[in-house]
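The lines below spell out each chain.
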Amino acid sequence: MTSPSEAAASRRTFAIISHPDAGKTTLTEKFLLYGGAISEAGAVKTRQGRRSATSDWMEMEQKRGISITSTALQFRYRDRVLNLLDTPGHRDFSEDTYRVLAATDAAIMVLDAAKGIEPQTLKLFEVCRQREVPLLTFINKWDRPGRGPLELLDEIEEQLSIRPTPVTWPVGIPGDFHGVVDRRTGHFVKFDRTDRGSRAAPEEIHPVAGFDGSDLSGWSEALDELELLDAIGADLDAKSFLAGESSPVFFGSALTNFGVRLLLDAVVDVAPAPAPRPDVDDRPRALDAPFSGFAFKVQANMEKAHRDRVAFVRVCSGRFERGMSVVHEPTGRPFSTKYAHTVFGSDRSTVEEAYPGDVVGLVNAGDVRVGDTLYVDPPVRFPPIPAFAPEMFRRIRTTDTGRFKQFRRGLEQLDQEGVIQVLRDDDVGDVEPVLAAVGALQFEVATHRLENEFGAPVELRAAPFNVARRTDEESMAELRRLPGVEVLRRRDGTLLALFESEFYLQRIEAEKEGLTLLPILEGQP
Ligand code: G4P
């Protein structure tokens, strides 16, 4: 039988992050095509129904055309098992992305060649850097007019402070794309189109030296640029890539499949395999230790018919077997894994076993919250996934007092799933708590779900806060005496002091010494 460490060595767990429309869904689909998980592109994402692609199932997502929820897809490529974790494309859900990144070992950043770094997603990329996730870059849509490759590299370096190291280099002007040169091997990979990329793109491989490309547009420019890159030594560097400091760059077109194989090969060859995960005391849990994992996503209501709750757990050590009893670390209670499954879009299939790097969905995970550890003896606790500093606040109440119970239950559920943070006044409780979010769409998701899933009509009111700080019991009384300041409690017990503006907060900090006012997330302002 394979040992967990052997299984881990053949796995790659990664995510794709991108601005909406840069091509994440298309690329995901092409990965599945190349991995043989689907036989023809278009099977997952039909042209008309493209917004109901595999990972988009929630009614609201379909309406809004954005991907709010995450799923994990597993497929084989070469002799490896690839776990692709989906991330929401909208920055309002960057906290969800952050949680997914806690569970991945690498990420692919997809950029649209015509647009480069888009402001809306800058935040997602920053999140990636914050977690020091090794980042591959795919510059997509090279089949149509766009910007020059050198200009795009400059932009990546300037805006993301990450050093781009092109692994492939495009031949042909954007819109008239012939192929890429693989800088590692010196081979020109020439592509041919297939019908909307429904099958793998046919490739011809020629050594650059000796290939006569004079009849290809952009051939001599590409050679000049390659020389320049060699001169500045912008080469793939494993050490800085793994530290999240440099990013191997690939050019291509997901739609026509150009460059997709090279990118997928890089996931196998360059991205790291699952490694022993450090616990809260920074001691790594050996891959061959008994099962352990942590929840990075909790999701309710996956299907209308089921209305259950699924915790997505990344396996960190050992062999997971369906039906095994594991311990839920925070409560110390045993947890049955009889209903473990993988999710492929909206289809569930039972998972019998899983290894480090894999994701299992545990159904009926009533008590499991984002960040919780599950294990089989000996005990382990992985570091919690820190909550973001909220930047937007609203008061919420139900407009139908007869539905107060449902309202409370709904809030509790959304809070536990991490859809939104619910802040309460210790003395007042749930009557009109404050919702705290990173992006406005989170409020929409919360109200939509409270009304449709829990049957509690709600009303949001503006709350005059824009900044939050962590505080403690000692400072609470004094802070509460200040006009316009409220001190509320988060589910995890943390006390948050809310202020109307950064300016006001600074004034208080200057005038009142000794108050505890800390950043919410370490490393953030
Ligand atoms: P997302 O998940 O990041 O939001 O992007 P998605 O893959 O849905 O792609 C957004 C649009 O960009 C789609 O067009 C898709 O076909 C197109 N696209 C993706 N990759 C490429 C590429 O390499 N080249 C070109 N030219 N287009 C690409 P759409 O018109 O919105 O949908 P559809 O009708 O084409 O499906």
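Residues numbered from 1 in each chain as written. Predicted model: local features only at pLDDT ≥ 70, side-chain atom pairs only at ≥ 80, totals over all residues. Heavy atoms only, no water.

Enquirer: A description of unusual backbone geometry should follow, citing residues and the corresponding values.
Expert: Here the residue pair aspartate 377 and proline 378 is connected by a cis peptide bond, since its omega of 0° sits within 30 degrees of zero. Note that proline 378 resides in the loop between strand 23 (373-375) and strand 24 (392-398). A positive phi angle, near 85°, is found at aspartate 21, a position not held by glycine. Tracing the backbone through its elements, the reader meets aspartate 21 in the loop between strand 1 (11-18) and helix 2 (24-34). For aspartate 282, which is not a glycine, the phi torsion comes out positive at approximately 70°. Considering the arrangement of structural elements, one finds aspartate 282 in the loop between strand 12 (277-278) and strand 13 (284-285). (Helix = DSSP H or I, 4+ residues; strand = E, 2+ residues; numbered from the N terminus.)

Enquirer: I'd love a proper account of the packing of helix 2 against helix 9 (residues 260-269), names of residues and values included.
Expert: At their nearest, the axes of helix 2 and helix 9 sit 10 Å apart, and the two run at 80° to each other. Relative to helix 9, helix 2 is oriented roughly perpendicular. Seen from helix 2, the contacting residues are Leu27, Lys30, Phe31 and Tyr34; seen from helix 9, they are Val260, Arg261, Leu263 and Leu264. Class assignment of the residues belonging to the contact of helix 2 with helix 9 gives a composition of six nonpolar, no polar and two charged. (Axes fitted to C-alpha atoms, helices over the stretch in contact; angles between N-to-C directions. Parallel < 35°, antiparallel > 145°, perpendicular 65-115°, else oblique. Contact = heavy atoms within 4.5 Å. Nonpolar A, V, L, I, M, F, W, Y, C, P; charged D, E, K, R; others polar.)

Enquirer: How would you sum up the nonpolar core? Please name residues and give values.
Expert: Within the largest apolar cluster, 92 residues are counted, with the highest numbers of intra-cluster contacts made by Phe14, Leu27, Phe31, Ile108 and Phe296. Broken down by element, the residue count for this core peaks at seven residues, all from helix 9. Each of domain 1 (4-269) and domain 2 (277-375) contributes no fewer than three residues to this core. Of all hydrophobic cores here, the second largest spans 18 residues; its members include Leu411, Leu435, Ala446 and Val458. (Core = buried A, V, L, I, M, F, W, Y, C linked by side-chain atoms within 4.5 Å. Buried < 20%, exposed > 50% of the residue type's maximum accessible area, 1.4 Å probe, protein only. Domains from an automatic or database assignment.)

Enquirer: Describe the sheet that holds strand 4 (residues 106-112), and please don't skip the residues or the numbers.
Expert: Across the sheet, which stays open at both edges, the seven strands sit in the order 2-3-1-4-5-11-6 with mixed pairing between neighbours. Strands with a single pairing partner mark the edges of an open sheet, and in this sheet they are strand 2 (72-77) and strand 6 (163-166). Sheet twist, expressed as the average angle between the axes of neighbouring strands with direction ignored, equals 30°. Here helix 4 (residues 94-103) sits on the sheet and contacts strand 1, strand 3 (80-85) and strand 4; the angle it forms with strand 1, its principal contact strand, is near 160°. Of the strands in this sheet, strand 4, strand 5 (135-140), strand 6 and strand 11 (246-251) are in contact with helix 6 (residues 149-160), which crosses strand 6 at around 150°. (Pairing = 2+ DSSP bridges.)

Enquirer: Which residues make up helix 2, and what values go with them?
Expert: With respect to burial, helix 2 is a largely interior element, 10 of its 11 residues being buried. Considered for burial, the residues of helix 2 that qualify are Lys24, Thr26, Leu27, Thr28, Glu29, Lys30, Phe31, Leu32, Leu33 and Tyr34.

Enquirer: Summarise the sheet that holds strand 10 (residues 203-207); cite the residues concerned and give the values.
Expert: Taken in spatial order, the four strands of this open sheet run 7-8-9-10, and their pairing is antiparallel. The sheet is open, and its two edges are formed by strand 7 (168-171) and strand 10, each paired on a single side. Adjacent strand axes in the sheet meet at a mean angle of 25° when their direction is disregarded. Relative to strand 9 (residues 187-191), strand 8 (residues 179-182) is paired through four bridges, and the arrangement is antiparallel. Paired with aspartate 182 across the bridge in strand 9 is histidine 187. This element, helix 7 (residues 219-232), spans strand 7, strand 8 and strand 9 of the sheet and lies at about 155° to strand 7.

Keep in mind that these numbers describe shape and distance, not what the molecule does.
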